[in-house]
Amino acid sequence: MKIACLGGGPAGLYFAISMKLRDSAHDITVFERNKADDTFGWGVVLSDETFENLAKNDPLSAGEIRRHFAYWDDIAVHYRGRKIVSTGHGFSGIARKKLLQLLQQRARGLGIELRFETEVASAAELAKTHDLVVAADGLNSRTRNEFAAHFKPGVELRKNKFVWLGTHQKFDDAFTFIFEETEHGWIWAHAYQFDADTATFIVECADDTWQKFGFGTMSQEENCRACETIFAKYLGGHRLMSNAAHLRGSAWLNFPRVLCEKWSYDNIVLMGDAAATAHFSVGSGTKLAMESAIAMANYLRSEPTMAAAFAKYEDARRTEVLRLQSAARNSLEWFEDVERYLHLDPVQFNYSLLTRSQRISHENLRLRDKKWLEGAEAWFQRLAGAGDNLIRRPMFAPFRLRDMRLKNRIAVSPMAQYKAIDGCPTDWHLVHYGERAKGGAGLVCIEMTCVSPEGRITPGCTGMYAPAHEAAWQRIVDFVHAETDAKICCQLGHSGAKGSTQLGWEEMDAPLNSGNWPVLAPSAIAWSPRNQIARAMTRADMDLVRDQFVASAEMAARCDFDMLEIHCAHGYLLSSFITPLTNKRTDSYGGSLENRMRYPLEIFHAVRAVWPAEKPISVRISANDWVGPDGIEPRDAVAISRLLQEAGVDICDVSAGQTSITARPVYGRMFQTPFSDRIRNETGMATMAVGNIFEPDHVNSILMAGRADLVCLARPHLADPYWTLHAAAKLGDRGEAWPPPYYAGRDQLYRLSGGGEPTTTAV
């Protein structure tokens, strides 16, 4: 084949090398607009996994690259006057210029023609005279722009400003992060060694800080001197250097996140940054480029046609790119929002930084640096009041709200059972909640329990509006208190426009086939075209429902529930007041967020007045309607939480969605935790995290990073009422108490889990 590679960076050069290795008869030319010794970066980072792939593909060039690697195992974080070091991370770096020189040398040795200082005006014209054109022409790809209508690139400029500098100061002992507070705001550096004499030194800050410093009006030289002043105590008298003479102005940039819908067109294919970018904070750009080059070369050899090779390349590599882009996005967003975390203790701040991309889990950190993690766990337990030098996972730390003390941080989420009879809980509920209370969770939340017959979601929903209900709930609470050390929370709610619907295992949110009752809402809006139009609430209706909440709270207090939660989420009545999607009122209860919150806050204040002062109240909210700016967005959730906090709510149970049939949620593991994270760290309010959390690692990383104070699990507790006890056994933790009749089962589980023979007394 006659092949043209546009771009003499790692992607273009390594693809050319890979193709020649597979067939020396290929006629390959690399076109590069710059000089052979030009380079516009300082160092690049390659993981052990990537290097293994390079070694398998071309041992000769891999050996030369390895000879010039700088290795380090530690990450050092300078923050608030402390330096925290963790180890076991395994990085290697090389000068970008040296990498390109080695690849150029290898390419020439294989007979590849390298044409530097050569502009290619049109990939389309080149495609007429070549069998294959590989567009590895970088972030500002001319080819991608030439065929934009076909490739359909999405380019998103991110918020932070950064500048790529170098220094002769040594950072050869660790990949180093430096956070400095200045008179204009926080500014930070990512620094790492890439050869014996030089280190990369990337300076980053928020746009507001950048503006206040006036970096945009400075020359590149002036920028270097200004940054030297900021980071002087870390530079040891060494200068900062720029090699961005090709860029106009100060050389500060906003990171462009690029992803194209399609990567190939006829005989043209995109590669490297031309197709997709990954943020520098996860060091994956060169990895993506060189691994994509290997994959493309393999498929061109293995597949019967070029079109088939392109299809396989795009299918396989897109998955990997999206995976890395997801991690990179988590990382870059952490840095964009870093000021949210700058109140954290250095230990927790460091943990948050290390786990920012979600690629490193709690137990993975233990494998990397057990000593550091155990120190962090001891800090967490000490902060929780569990005592000094106690090393246990964060999920097993106690937690206190008012006078309620939880033995651990695991909560059983409210989960509708649809098994009540005329609102009354049955033996099903006694067994259901009793089992989960015996299963080790610190807090068991009952399902949304409705304050009136008309406030039920379905005919099978529980209520708290009749003497029989109170008696049945009293029986359940008494069992939990007598037989377990769990606490139990009563969640009260009103279905609003989502009421009078079928049981959960029938057709969710669909109206009853017969026997529907009238429903209330802030505005005369139906939940869906199939559901009845709700009656817009009058002041009398609002007073009645408020009094129903109060009466139910009084009943819950007499039952001796330990905690109360008011359900203001998921499109039910109080939620429908909060979201503008369903609140169209023109009185003082509609319009602004403050007005829309007025009625839910009235309910809270009325309930708080009758609920025992020593017992906490939570409010569950939907932090994102998943419909964009027409509904509640995460920034609105922060404002909602501030209003709840000011009113005296003890903890915010942060859920999302289920407020509109037009919602388009973005699912994934722990997908709602970022909303809890934002609320907790921007308001200082305690939070509960929910949403596709199913592993102990999830729980421990959420808690240790300060993203929530309690973690709620729903489906895992449906599948396994003893989830907490089983998790403790699997982790080798013997500190969770089992019911005495179950000791024999506990002992067998401990033996099967390893760790030796336990005692036969309570632990």
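The numbering scheme is per chain: residues are counted from 1 as the chain's sequence reads. It should be noted that, the model being predicted, local features are given only for residues of pLDDT at least 70 and side-chain atom pairs only at 80 or more, the latter also being counted only at that level, while totals for whole chains, interfaces and linings use all residues. Excluding hydrogens and water, the side-chain figures rest on all heavy atoms present in the structure.

**Student:** Give a detailed account of the environment of T586, specifying residues and quantitative values.
**Tutor:** Structurally, the position occupied by T586 is in the loop between α19 (573-578) and α20 (593-596). For T586, a relative accessible area of 81% translates into the label exposed. Sequence separation between T586 and S523 is 63 residues, and the spatial gap between their C-alpha atoms is 9.7 Å. Counting from the N terminus, the helices are the DSSP runs of H or I reaching at least four residues and the strands are the DSSP runs of E reaching at least two. Relative accessibility decides the category of a residue: with a 1.4 Å probe and only protein chains considered, values under 20% of the type maximum give buried, values over 50% give exposed, and everything between is partly exposed.

**Student:** Let's hear about the sheet that holds strand β1 (residues 2-6): which residues, and what values?
**Tutor:** The strands making up a sheet associate through backbone hydrogen bonding, with each pair oriented either parallel or antiparallel. By the convention used here, strands pair only if DSSP detects at least 2 bridges between them. Read across the open sheet, the six strands follow the order β8-β2-β1-β9-β17-β16; overall the sheet is mixed. Lying at the two open borders of the sheet, with one neighbouring strand each, are β8 (113-115) and β16 (264-265). Relative to β8, strand β2 (residues 27-31) is paired through three bridges, and the arrangement is parallel. Bridging from a neighbouring strand, V30 pairs with L114 of β8. Sheet contacts for helix α1 (residues 10-22): β1, β2, β8 and β9 (132-135); angle to β2, the most-contacted strand, approximately 175°. The criterion used for residue contact is that any of the two residues' heavy atoms lie within 4.5 Å. For helices, the fitted axis covers only the stretch in contact; all axes are lines through C-alpha atoms, and the angles between them, taken along N-to-C directions, range from 0 to 180 degrees.

**Student:** Explain the sheet that holds strand β7 (residues 91-95) to me, and be specific about the residues and the numbers.
**Tutor:** Spatial strand order, β3-β7-β4: three strands in an open sheet with antiparallel pairing. For this open sheet the edge positions go to β3 (43-46) and β4 (70-72), each flanked by a neighbour on one side alone. In this sheet, adjacent strand axes meet at a mean angle of 30° when their direction is disregarded. In the sheet, β4 pairs with β7 via three bridges, with the strands oriented antiparallel. Of the residues in β7, the one forming a bridge with A70 is G93. Across the sheet, helix α4 (residues 96-109) touches β3 and β7, and the angle it forms with β7 is around 75°.

**Student:** Any chance you could break down the packing of helix α13 (residues 346-354) against helix α24 (residues 696-704) for me, citing the residues and the numbers?
**Tutor:** In the contact formed by α13 and α24, the axes pass within 9 Å of each other and the chain directions differ by 130°. With respect to their mutual orientation, α13 and α24 come out oblique. Each of V347, Q348 and Y351 in α13 lies in contact with α24, whose residues at this interface are N700, S701, L703 and M704. When residue character is reported, Ala, Val, Leu, Ile, Met, Phe, Trp, Tyr, Cys and Pro are called nonpolar, Asp, Glu, Lys and Arg charged, and the others, Gly included, polar. Here the residues of the contact of α13 with α24 sort into four nonpolar, three polar and no charged. For classification purposes, an angle smaller than 35 degrees is called roughly parallel, one larger than 145 roughly antiparallel, one from 65 to 115 roughly perpendicular, and anything else oblique.

**Student:** I'd love a proper account of the pattern of salt bridges, names of residues and values included.
**Tutor:** In the sections that follow, a salt bridge refers to a side-chain nitrogen of Lys or Arg positioned within 4 Å of a carboxyl oxygen of Asp or Glu. Taken as a whole and assessed by the stated rule, the structure comprises 52 salt bridges. Between E363 and R393 there is a salt bridge; the shortest N-O distance is 3.2 Å. With a gap of 30 residues between them, E363 in helix α14 (residues 362-368) and R393 in the loop between α15 (370-383) and β18 (399-401) connect regions that are remote in the sequence. Residue R393 is classed as buried on the basis of its relative accessible area, which comes to 14%. The closest approach of N and O atoms between R608 and D650, which form a salt bridge, is 3.5 Å. Placement of R608 in helix α21 (residues 598-610) and of D650 in the loop between α22 (634-647) and β28 (651-655) is noted, with a sequence separation of 42 residues between them. For the residue pair R608 and D650, the accessibility class agrees, reading buried in each case. One network of salt bridges, in which partners are shared, links E156, R158, R329, E333 and E336.

**Student:** I'd love a proper account of the side chain of S86, names of residues and values included.
**Tutor:** Inspection of the secondary structure puts S86 in strand β6 (residues 82-86). Among the polar contacts listed, one links the side chain of S86 to the side chain of H89, at a separation of 2.8 Å. Setting aside chain neighbours within four positions, we find S86 in contact with D73, D74, I75, L354, D369 and W372. Nitrogen and oxygen atoms within 3.5 Å of one another constitute a polar contact, given that in protein one can donate a hydrogen and the other can accept it, and given that sequence-neighbouring residues count only through two side-chain atoms.

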